[in-house]
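Overview (structure and organization)
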Amino acid sequence: QVQLVETGGGLVQAGGSLRLSCAASGRTFSRYAMGWFRQAPGKEREFVATITRSGGSTYYADSVKGRFTISRDNAKKTVYLQMNSLKPEDTAVYYCAANQVTTTRDTDYDYWGQGTQVTVSS
């Protein structure tokens, strides 16, 4: 079992930055690939970024590539999403998720956090 808690959301102006954190419970954090997803009002949940168990490889949605960076600290059992050059279309609830296999499909993930709201004003 893994419990996930996201923090770091908020209101930011376009062009600004935010860093989301996702803290995990349990002793097996390093066994899980971690992903970030987001869901905007009236839209389906979409993949943002994922990172392998060791942190050696990362994958991004085209819409965030070059602006967002996913990273993890296995000693702290935390995964991060650094978001730069934010745009109004990045406004959404952001979720972190854990899965034993690296994947971009939300339906593959076993554990989810409660989400944190990110709002980007124009």
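The rules we used
- Residues numbered from 1 in each chain as written.
- Predicted model: local features only at pLDDT ≥ 70, side-chain atom pairs only at ≥ 80, totals over all residues.
- Heavy atoms only, no water.
- Helix = DSSP H or I, 4+ residues; strand = E, 2+ residues; numbered from the N terminus.
- Rg over C-alpha atoms; globule rule 2.2 N^0.38 Å.
- Buried < 20%, exposed > 50% of the residue type's maximum accessible area, 1.4 Å probe, protein only.
- Core = buried A, V, L, I, M, F, W, Y, C linked by side-chain atoms within 4.5 Å.
- Contact = heavy atoms within 4.5 Å.
- Disulfide = S-S within 2.5 Å.
- Phe/Tyr/Trp six-rings, centres within 6.5 Å; stacked < 30°, edge-to-face > 60°.
- Lys NZ or Arg CZ within 6 Å of the ring centre and 35° of its normal.
- Salt bridge = Lys/Arg side-chain N within 4 Å of Asp/Glu carboxyl O.

**What to know about the overall build of the protein**
From N to C terminus, the protein includes zero helices and eleven strands. In the protein, the order of α-helices and β-strands from amino to carboxyl end is β-β-β-β-β-β-β-β-β-β-β. Computed over its C-alpha atoms, the radius of gyration of the protein comes to 13 Å, within 12% of the 14 Å expected for a compact globule of 122 residues. For the C-alpha atoms alone, the extent of the protein along its principal axes is close to 40 × 25 × 25 Å. Here the protein holds 122 residues, and 44% of them are scored as buried.

**With respect to the nonpolar core**
Soluble, globular proteins show a tendency: their nonpolar side chains are buried together. Within the largest apolar cluster, 34 residues are counted, with the highest numbers of intra-cluster contacts made by Met34, Trp36, Leu81, Met83 and Tyr94. Sorting the residues of this core by element identifies β3 (18–24), β4 (33–39), β5 (46–51), β7 (68–73), β8 (78–83), β9 (92–99) and β11 (116–121) as the ones contributing at least two each. Sorting elements by how many residues they give to this core places β9 first, with five residues. Aside from chain neighbours lying at most four places away, what touches Tyr94 is Glu6, Leu20, Trp36, Phe37, Arg38, Val48, Phe68, Leu81, Met83, Gly115, Thr116 and Val118.

**Some details on the state of the cysteines**
Formally, a disulfide is one covalent bond, and it connects the sulfur atom of one cysteine to the sulfur atom of another. Across all of its chains, the model carries one disulfide by this definition. Here Cys22 engages in a disulfide with Cys96; their sulfurs sit 1.9 Å apart. Around the S-S axis, the bridge from Cys22 to Cys96 shows a dihedral of about 50° and counts as right-handed. Remark: Cys96 occurs in strand β9 and Cys22 occurs in strand β3; sequence separation between them is 74 residues.

**What about the packing of aromatic side chains?**
Each aromatic ring pair is characterised by the separation of its centres together with the angle its planes make. For the structure shown, the criterion picks out six aromatic pairs. Relative to Tyr111, the ring of Tyr32 has its centre 5.9 Å away and its plane inclined at 80°; by these criteria the two rings are edge-to-face. Of this pair, Tyr32 sits in the loop between β3 and β4 while Tyr111 sits in strand β10 (residues 111–112), and the two are 79 residues apart along the sequence. Both rings, one in Phe37 and one in Tyr109, keep their centres 5.1 Å apart while their planes meet at 75°; by these two values the pair is edge-to-face. In this pair, Phe37 is assigned in strand β4 and Tyr109 in the loop between β9 and β10, connecting sequence segments 72 residues apart. Connected via pairs of aromatic rings, a cluster forms that spans Phe37, Phe47, Tyr95, Tyr109 and Trp112. The aromatic ring of Trp112 is capped on one face by Arg45, whose charged end is 3.9 Å from the ring centroid. The ring of Phe29 carries Arg72 above its face, with NZ or CZ at 4.5 Å from the centroid.

**Comments concerning the pattern of salt bridges**
According to the stated counting rule, one finds six salt bridges in the structure shown. Measuring nitrogen to oxygen at the nearest pair gives 2.9 Å for the salt bridge that ties Asp90 to Arg38. Placement of the pair is Asp90 in the loop between β8 and β9 and Arg38 in strand β4, with a sequence separation of 52 residues. Note on accessibility: Asp90 and Arg38 belong to one class, buried. Here Asp90 makes a salt bridge to Arg67, at a shortest N to O gap of 2.8 Å. Of this pair, Asp90 sits in the loop between β8 and β9 while Arg67 sits in the loop between β6 (58–60) and β7, and the two are 23 residues apart along the sequence. Arg67 carries the same exposure label as Asp90, and that label is buried. Because the salt bridges share partners, they merge into one network encompassing Arg38, Glu46, Arg67 and Asp90.

Function cannot be inferred from these measures alone, as they are strictly geometric.
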